[in-house]
Amino acid sequence: MTSRATTPARRRLTATVAISLAGVLAAGCGGGETPDGDASPSPSGSGSTVSTTAPGTASSTPSASASASASSSASGEPAKVSACARSKADALSEEQALGQLFMVAFDTAASRTALDGLIADQHVGNVIYLGGWDGAARVKQTSAHLQAQATTAATAGIPLLLAADQEGGEVRQLRGAGFSVVPSAKVQAQMSPSALTAAAKAWAGELKAVGINVNLAPVTDTVPADIGKANEPIGKYGRQYGSTPATVTKASTAFLKGMIEGGVMGTVKHFPGLGRVQNNTDFNTSGITDTVATPKDSYLAPFTAGVKAGAGLVMVSSARYPGLDATKTQAMFSKPIITTLLRGQLGFEGVVITDDINAKSVRSIPAAKRAVDYIAAGGDILLTGDPKSVPTMAKALADRARADEAFATQLESSVLRVVALKERMGLVRCS
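Quick caveat: nothing in here was measured; it's all calculated off a predicted structure.

**Some details on empty space enclosed by the protein**
Right, on to step 1. A volume near 60 Å³ is recorded for the largest cavity.
Right, on to step 2. Taken together, Thr 220, Asp 221, Thr 222, Pro 272, Gly 273, Leu 274, Gly 275, Arg 276, Asp 290, Asp 297, Tyr 299 and Phe 303 make up the full set of residues lining the largest cavity.
Right, on to step 3. Of the residues that constitute the lining of the largest cavity, the class distribution is four nonpolar, four polar and four charged.

See the structure below:
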C-alpha cells in the first residue's frame, strides 16, 4: 500500500485535525435491546446482473499462493479493484470514507426522516430495515427517501446499500402487500436447485422493486440433526437448509444464485457457523462457543460454495471458536478467523460485515474498541442496531488511523472493498 500512502484519502486519515462529529442523531431508531432481525427473530416475526468475476468472487480452487495473496489483501489493497472504484474511494473525505463502513438499523416505528441527520452529519453509507416493514408501497417510498439523502455532501453521491433480512419463514423483515410469503429455509431445501433459484430470482425482483439492493441471506449455517431446535439462533426457527453441509450447500447456493440473477446482492452468514452453539448471540454472553470447528471443518463447505458462487458479502458471527482462534476471541474480532481463514483459506476478497455489533454478546466491550478490533481483524462494514453508537465508533476508527499507519491502510482497504462492491452492483459508475 506504500504506493497509495500519499493519496488524498490517506492524507486525511492520517491528519491531526479532529474528525467532525456535528449534529445530534435523530431519535426513534433503536438502541439497547433493538432486535437484529438477522440473528434474533421472534416467533411472531419481525419480521443489474452481477458479474461472477468481479470483486468478492473467489478463485475456484484457492491454492497456497492464492491464500497468501488473499490474506495479505486484508491489510493491503484488494486484488481486484477497478480504476473507477479506486478513484471514487480516493475522492471521499475522511468522514465520507468512514461513513461507508457503517450500516445502521432503520426501525419500522421510526419516522421516514429519522436517519436523515445521521446520513448528513455522519455520512453513513448503508442502512438495514428492521422491525418488520409492512407493504411494498411504504418500503419503496422510504428507500427513495433514503437514497435521496446520499448527496454529494453526505456520501459524495455514492448510493446506499439498502439491506433487509428476507430469508423466509420466521425471518422476513418485509411483509404484506407486494411481498411473497417466502417459506423457511428447511422448506426451500425441498425444492430442486433450479426451482429454488427461479423462486429466489422472483423474490429478489420484489426487493429490487422497492429499492432493496442487498439481502442478508442465505443462511449457510449447518445445524446437526442431534441439536436441531436446541440451537437457539438457527435451529429453533428452522432457519437452516439442512443438517448436513451437502444439503445446506446445494440449497443455499441455489438461493444465492437466484438473488444475484434478480439484481439483489446476497450475503452468506454467519461465518464460520452458528449451527453448533447453544444460545443466541444477540441476547447471551454464554453458550455461544463452538468447540468443534477447525480449519478443516466440513461445515465451512457451504460458505466456500457461497463465496465461489459470487456472494458479495459474508456476515461474521460474534460466537467463539477455540479450534479456529486459540485466544477464544469472538469471530468478528478475530484475525485468524477473518483474515487467515475467510480471506486466506476461502479466498474471499469481498465485503465482510458484522452481525449486530451492539449485540448482548459483545456489549460489555466498549463501542470504540469493538469498532477498532473489527477493522484490525480484517472486517469492513459494521452493522449496528443502535444508530447512536456511530459517532463513537467512527471517531475511534479515525483516531486509530491517525496513530497507526498500518491500521490506516486497513481502513482504506475496507473502504475500497465497499466502493468496489457498489460498483459491482451498478451503484457506482464512472463516465
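Alright, that's what it looks like, and here's the rest.
**Overview of helix α9 (residues 193-209)**
Right, on to step 1. Across its 17 residues, α9 extends 24 Å between first and last C-alpha, which sits within 8% of the 24 Å expected from 1.5 Å per residue.
Right, on to step 2. Listed as buried for α9 are Leu 196, Thr 197, Ala 199, Ala 200, Trp 203, Ala 204 and Leu 207. Down the axis of α9, the smallest arc covering the buried residues is 165°, so these residues share one side.
Right, on to step 3. Elements that come into contact with the buried residues of α9 comprise β5 (166-168), β7 (174-175), α8 (185-188), β8 (214-215) and α10 (245-261).
Right, on to step 4. One or two steps after α9, the chain reaches Gly 211, where phi turns positive at roughly 90°.

**Comments concerning the environment of Gly 378**
Right, on to step 1. One can find Gly 378 in the loop between α13 (367-377) and β12 (382-384).
Right, on to step 2. Taking the C-alpha atoms as reference points, Gly 378 and Pro 336, separated by 42 residues in sequence, lie 9.4 Å from one another.
Right, on to step 3. Sequence-distant contacts of Gly 378, that is, excluding residues within four places in its chain, are made with Ile 338, Thr 339, Arg 343, Gln 410 and Arg 417.

Calculation rules
Residues numbered from 1 in each chain as written. Predicted model: local features only at pLDDT ≥ 70, side-chain atom pairs only at ≥ 80, totals over all residues. Heavy atoms only, no water. 1 Å grid on protein atoms, 1.4 Å probe; cavity = no way out; pocket = protein on both sides within 12 Å on 5 of 7 lines; lining within 4 Å. Points joined across faces, edges and corners; volume = space filled by probe spheres on them. Nonpolar A, V, L, I, M, F, W, Y, C, P; charged D, E, K, R; others polar. Helix = DSSP H or I, 4+ residues; strand = E, 2+ residues; numbered from the N terminus. Expected span 1.5 Å × (residues − 1). Buried < 20%, exposed > 50% of the residue type's maximum accessible area, 1.4 Å probe, protein only. Arc of directions from axis to C-beta. Contact = heavy atoms within 4.5 Å.

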